[in-house]
Amino acid sequence: MTRLRNFDRITIDPARCLGKPCVRDLRMPVHSVLSYLASGMTESEILREWPELEPEDIRQALAFAAWATSDYVLELESSPT
């Protein structure tokens, strides 16, 4: 299991969830937390549905997603003028 230096609540374990980043070594992938937020669930609703999660878990999932996507550059096709 690997813990990322700036993300002490995000773990990566090849034997858990196919090595996807998870919250605190729970079987809760970061992408699941992000999907719940994207679907419109509030932090309170997520915490009520999954009581093993804590508010800081959700904040770190968001911060991890921001960090993980910060170095990507998408090539866009130029539109004809």
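Above this text sits the structure in question.
These remarks concern the structure in this document. (Residues numbered from 1 in each chain as written. Predicted model: local features only at pLDDT ≥ 70, side-chain atom pairs only at ≥ 80, totals over all residues. Heavy atoms only, no water.)

## Focus: unusual backbone geometry
- Phi is positive for Cys17, which is not a glycine, with a value near 50°.
- The residue Cys17 is located in the loop between β2 (7-12) and β3 (22-23) in this model.
- Positive phi, close to 45°, is recorded for Arg24, a residue that is not glycine.
- With respect to the secondary-structure elements, Arg24 resides in the loop between β3 and α1 (30-38).
- By relative accessible area, which is 25% here, Arg24 ends up partly exposed. (Helix = DSSP H or I, 4+ residues; strand = E, 2+ residues; numbered from the N terminus. Buried < 20%, exposed > 50% of the residue type's maximum accessible area, 1.4 Å probe, protein only.)

## A word on the nonpolar core
- Counting 13 residues, the largest nonpolar core has Met28, Val33 and Leu53 as the members making the most contacts within it.
- Of all the secondary-structure elements, those providing two or more residues to this core are β2, α1, α2 (43-49) and α3 (55-68).
- The leading source of residues in this core is α3, at three residues.
- Residues in contact with Leu53, not counting those within four places in the same chain, are Val23, Arg24, Leu26, Met28, Ile46 and Leu47. (Core = buried A, V, L, I, M, F, W, Y, C linked by side-chain atoms within 4.5 Å. Contact = heavy atoms within 4.5 Å.)

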